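Residue-level structure breakdown
Here are the chains, one letter per residue:
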Amino acid sequence: MTVVLAGAAGALDAVTFFVFNEVFASTMTGNLAVLGLGLGLGRWLSSVEALCAVAGYVVGLMVGTIVAGLVMHRLPWRTAVATVLVVELVVLVTVGIGFYGFVSPEYNTVRAVVLVTGGAAAMGIQAAGLRYVGPAGTPTNFLTGTVTNLVSAMVELHRPSWDSNSVLRIAAFVCAAGGAAVVQRLVPGAAYVLPVVLVAVAVGLMARVVRVNHGGLLAGGPQFRDLTRLAENIERGSEHGSPADAGHGGAPVPAAAVGSAVCGRVVGPDGLGVPAVVTLLDDQGRCVARRDTDDDGRYHLRPTAAGVHTIVGSPDPDQHATTATGGAGGGVLWPRATTVTVSRPRRGCPARPVVHDLTLQDAD
């Protein structure tokens, strides 16, 4: 999916480069340089053109971050990324309709502004969503850091490494930009279809990850529907699917617990469930719940109040060495922490469980 989105960014950059005086939709470093040069040399038009792209990108980042944050309050990060990509696709289609639907010489400047500003907004939305893919985010439309990390890791004296995904993203970006340039030269105006199609393909791939929860970004991840049923079973006191309540000093859930339940699964880098200890902290850093997961990494916590909470997942020191990486002698895993927002149930309507997965990373 990330490779496809890198190709979409490269193709859109090629389109805006030809349409709007060599301004890019996704490469903000180049646009900021053009903005500074225009201001320094008194080329005000160039400055305005670059400023349009930067402003659109900033707005897109804000929209994408807000959308992802709202979705992640209730659903796993995979669903949040998929939702952000759908929003990006809608923006690209809308911009395309606006640009190609009003073909008139008197509106050429306005059409170009709409294309660059809207395209940059779409790239900002994409960048915001891809921040949640991988432990440090996976950029697909600004690749300076990707090239830096790739080359530095290759020549690292202590432990050289090779990141094939980075190579594929760079190659996809370059090839898609070249392909869009060829299409633009042969069939002017048709090149914009390429980034739209590529983003649509990425949406389809991400939808499959959300639906089946295996392969792609997180192999073996749990289904949201199953976790919701698990939480409902626990609420009814069902004997099936309940995580362990004892261990590590875990006290019974208070009868006066308020707010939606917090449940999910702790997995290792390979996507398999990891026995772990999950701790829930309130906004003051106080421990409000602590439980062992079951053998498959599933957990269920009940906060004592609504509001922002922090979930901390730590590998069980007695079990993870033989289960976290699929065999005896597995590597050490780092604890993982993330924040969730617990809502208060409304009158006559119980609060939905907050479902959140924790992925532990290798320490070496």
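Right above here is the structure, for reference.
Residues numbered from 1 in each chain as written. Predicted model: local features only at pLDDT ≥ 70, side-chain atom pairs only at ≥ 80, totals over all residues. Heavy atoms only, no water.

**Observations regarding the pairing of strand 2 (residues 276-281)**
Short version of the rule: Each residue gets one of three labels from its accessible area relative to the maximum for its type: buried under 20%, exposed over 50%, partly exposed in between, using a 1.4 Å probe on protein chains only. Secondary structure counts use DSSP, requiring at least four H or I residues in a row for a helix and at least two E residues in a row for a strand, with both numbered from the N terminus. Pairing between strands is defined by DSSP: at least two bridges between them are needed.
Within strand 2, five of the six residues are buried, which leaves the element mostly enclosed by the surrounding structure. Sheet topology note: the strand 2/strand 5 (residues 307-315) ladder contains six bridges and is antiparallel. Bridge assignment links Val 277 to a residue of strand 5, and that residue is Ser 314. Where strand 2 lies against strand 3 (residues 287-292), five bridges are found, and the strand directions are antiparallel. In the sheet register, Leu 280 faces strand 3, and the bridge partner there is Ala 289. A loop of five residues connects strand 2 with strand 3, the two strands running antiparallel in sequence, and Gly 285 in this loop sits at a positive phi of about 85 degrees.

**Remarks on the nonpolar core**
Test applied: Among buried residues, those of type Ala, Val, Leu, Ile, Met, Phe, Trp, Tyr and Cys that are joined through side-chain atoms within 4.5 Å constitute a nonpolar core. The contact definition used throughout considers only heavy atoms, calling two residues in contact when any of these lie within 4.5 Å.
Met 1, Leu 5, Leu 85, Leu 92, Tyr 192, Val 199 and Met 206 are the most contacted members of the largest nonpolar core, which has 51 residues in total. If you list the elements that add at least two residues to this core, you get helix 1 (2-19), helix 3 (44-72), helix 4 (77-100), helix 5 (108-130), helix 7 (164-186) and helix 8 (193-212). By residue number, the principal contributor to this core is helix 4, which donates 10 residues. Beyond its immediate chain neighbours, meaning those up to four positions away, Leu 85 contacts Met 1, Leu 5, Leu 130, Val 199, Ala 202, Val 203 and Met 206. Judged by nonpolar contacts, the second largest core, of 17 residues, contains Val 274, Leu 280, Val 288 and Val 342.

**What to know about the environment of Trp 44**
Summarising the element assignment, Trp 44 is placed in helix 3. Filtering out sequence-adjacent residues up to four positions away, Trp 44 remains in contact with Gly 38 and Leu 39.

**What about the sheet that holds strand 5?**
Which entries qualify depends on this criterion: What counts as an axis is a line fitted to C-alpha atoms, over the stretch in contact for a helix, and the angles between N-to-C directions run from 0 to 180 degrees.
The strand order across the open sheet formed by four strands is 3-2-5-6, and the pairing between neighbours is antiparallel. The sheet is open, and its two edges are formed by strand 3 and strand 6 (336-342), each paired on a single side. Neighbour to neighbour, the strand axes of the sheet diverge by 20 degrees on average, direction disregarded.

**Examining the packing of aromatic side chains**
We count it as follows: Under the pairing criterion, centres of Phe, Tyr and Trp rings, with the six-membered ring standing for Trp, must be within 6.5 Å; the plane angle then separates stacked pairs below 30 degrees from edge-to-face pairs above 60, leaving the rest tilted.
Per the stated rule, a full pass over the model turns up two aromatic pairs. Three or more aromatic residues joined by ring pairs make a cluster, and in this case those are Phe 17, Phe 18 and Phe 24.

**Here's the deal with the side chain of His 309**
Keep this limit in mind: Pairing of N or O atoms within 3.5 Å defines a polar contact, subject to two protein rules: one partner must be a possible hydrogen donor and the other a possible acceptor, and residues neighboring in sequence count only if both atoms are side-chain atoms.
Topologically, His 309 is positioned in strand 5. Judged by its relative accessible area of 3%, His 309 falls in the buried class. Among the polar contacts made by the side chain of His 309, one reaches the main-chain carbonyl oxygen of Ala 305 at a distance of 3.5 Å. Filtering out sequence-adjacent residues up to four positions away, His 309 remains in contact with Leu 280, Leu 281, Asp 282, Val 288, Pro 303, Thr 338, Thr 339, Val 340 and Val 342.

**Section: the pattern of salt bridges**
Formally: Between Lys or Arg on one side and Asp or Glu on the other, a salt bridge is scored when a side-chain nitrogen of the former is within 4 Å of a carboxyl oxygen of the latter.
Under the definition given, this model contains three salt bridges. Put simply, Asp 282 and Arg 286 hold a salt bridge, and the shortest N to O gap is 2.9 Å. Take Asp 282: its relative accessible area is 13%, and that puts it in the buried class. A relative accessible area of 52% places Arg 286 in the exposed class. For the salt bridge of Asp 296 with Arg 298, the shortest nitrogen-to-oxygen distance reads 3.8 Å. The network of salt bridges with shared partners includes Arg 265, Asp 296 and Arg 298.

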